[in-house]
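A structural walkthrough
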Amino acid sequence: LAAAKQVHEKKVAFIDEELKSRNRFELEPLISGFDALVTNRPSVTLMVRVADCVPIILYDPVQKAVGIAHAGWRGTRAGIGKETVNEMVRRCNTDPKSILAGIGPSIGPCCYPVQEEVAELFCRSTPDAEAFIRKQQGKTYLNLWEANRLQLLRQGILPEHIEVAQLCTSCRADLFFSHRREQGKTGRIGAFVGLRG
């Protein structure tokens, strides 16, 4: 099991044989400051922890590689999805057109009002921000599902290869922890991906 101490940025760690052997029986992460992991090693499971942030899961069935990312608003704006795809291309010779992508349960556009400054940051740095920011009843809402889907499309992943769970962690208290709903006093959801050995 490979996991990292997540920091809401855009650094990606490649899990190779050295890290695999060091991390095999450790519960605490050995690598710090990363929000995404990539590997092409069989029998390595990659994990991110979320409680409203978006888990992005990537699989290249051609080159046999996987990636996983933790994308809150900061990581989404910084391009963590893009960086994870780029790491798969660089380290595993992945063609983005081969990638199958999943955008997992996270806070939905129904429950994610953000400060106006956050929306402005996206508008200044993202050409299609109007597609995932909406104003309603004096509030500004951010759609992290769509923001990350568009980021993956810009990297060359085919639209039909991207599946969005469309499950809101804030709405579905019966299924998920939610940092916002529970005001920071909550558990975490583990998202996992790996290649069979």
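Here the structure is a predicted model, which means the values were calculated and not measured.

Along the protein, the regular secondary structure elements total five helices and 13 strands. Against the 2.2 N^0.38 benchmark of 16 Å for 197 residues, the protein shows a C-alpha radius of gyration of 16 Å, consistent with a compact globule. Its C-alpha atoms put the protein at 50 × 35 × 25 Å along the principal axes. Looking at the 197 residues of the protein, the share that counts as buried comes to 48%. The long-range share in the protein, meaning contacts at least 24 apart out of those at least 6 apart in sequence, stands at 70%. Put simply, the protein shows about 10000 Å² of open surface, and 49% of that area lies on carbon and sulfur atoms. Here the protein carries 27 positive and 22 negative side-chain charges, and the mean point of each set is 2 Å from the other.

Here we come to the side chain of Gln151. Note on placement: Gln151 falls in helix α5 (residues 144-154). Separated by 3.0 Å, the side chain of Gln151 and the backbone nitrogen of Gly81 make a polar contact. In terms of polar contacts, Gln151 uses its side chain to reach the backbone amide nitrogen of Lys82, at 2.9 Å. Not counting the four nearest positions on each side in its chain, Gln151 is found in contact with Thr76, Gly79, Ile80, Gly81 and Lys82.

Another aspect to go through is the layout of surface pockets. Roughly 410 Å³ of volume is contained in the largest pocket. If you go around the largest pocket, you meet 20 residues; those closest to its centre are His8, Ala51, Cys53, His70 and His179. When residues of the lining of the largest pocket are traced back to their parent elements, those giving at least two are β1 (4-5), β5 (45-50) and α2 (73-78). Here the lining of the largest pocket is built from residues that sort into nine nonpolar, five polar and six charged. There is about 190 Å³ of room inside the second largest pocket. Along the wall of the second largest pocket there are 16 residues; nearest its centre are Thr76, Arg77, Gly79, Gln151 and Arg154. Every element with two or more residues in the lining of the second largest pocket is listed here: α2, α3 (80-92), α4 (116-125) and α5.

Attention now goes to the nonpolar core. Leu58, Phe122, Phe132, Leu142, Leu152 and Ile157 are the most contacted members of the largest nonpolar core, which has 37 residues in total. Per element, the largest residue contribution to this core is five residues, and it comes from α5. Once you skip the residues sitting within four places of it in the chain, Leu58 turns out to touch Ala65, Val66, Gly67, Thr84, Val85, Met88, Ile99, Leu100, Ala101, Leu152 and Ile157. Counting residues in each nonpolar core, the second largest holds 15 residues, with Ile15, Ile31, Val48 and Val66 among its members.

Under the 1.5 Å per step criterion, the end-to-end length of α3 is 17 Å for 13 residues, consistent within 8% with the ideal 18 Å. Taken as a whole, α3 has its buried residues at Ile80, Gly81, Thr84, Val85, Glu87, Met88 and Cys92. Seen end-on, α3 carries its buried residues on one side only, within an arc spanning 155 degrees. Structurally, α3 contributes buried residues whose contacts are with β2 (12-14), β4 (36-39), β6 (54-60), β7 (65-71), α2 and α5.

Looking now at the sheet that holds β2. Within the open sheet, the six strands sit side by side as β2-β4-β7-β6-β8-β12. Their pairing is mixed. Edge positions in the sheet fall to β2 and β12 (162-164), since each of these pairs with one other strand and no more. The average undirected angle you get between the axes of adjacent strands in this sheet is 15 degrees. Here α3 sits on the sheet and contacts β2, β4, β6 and β7; the angle it forms with β7, its principal contact strand, is near 160 degrees.

Parameters and conventions
Residues numbered from 1 in each chain as written. Predicted model: local features only at pLDDT ≥ 70, side-chain atom pairs only at ≥ 80, totals over all residues. Heavy atoms only, no water. Helix = DSSP H or I, 4+ residues; strand = E, 2+ residues; numbered from the N terminus. Rg over C-alpha atoms; globule rule 2.2 N^0.38 Å. Buried < 20%, exposed > 50% of the residue type's maximum accessible area, 1.4 Å probe, protein only. Contact = heavy atoms within 4.5 Å. Areas by Shrake-Rupley, 256 points an atom, 1.4 Å probe, with all protein chains shown as cover. Lys, Arg positive; Asp, Glu negative; His and termini not counted. Charge placed at Lys NZ, Arg CZ, Asp CG, Glu CD. Polar contact = N/O pair within 3.5 Å; in protein donor to acceptor, adjacent residues only side chain to side chain. 1 Å grid on protein atoms, 1.4 Å probe; cavity = no way out; pocket = protein on both sides within 12 Å on 5 of 7 lines; lining within 4 Å. Points joined across faces, edges and corners; volume = space filled by probe spheres on them. Nonpolar A, V, L, I, M, F, W, Y, C, P; charged D, E, K, R; others polar. Core = buried A, V, L, I, M, F, W, Y, C linked by side-chain atoms within 4.5 Å. Expected span 1.5 Å × (residues − 1). Arc of directions from axis to C-beta. Pairing = 2+ DSSP bridges. Axes fitted to C-alpha atoms, helices over the stretch in contact; angles between N-to-C directions.

Read these as geometric descriptors, not functional statements.
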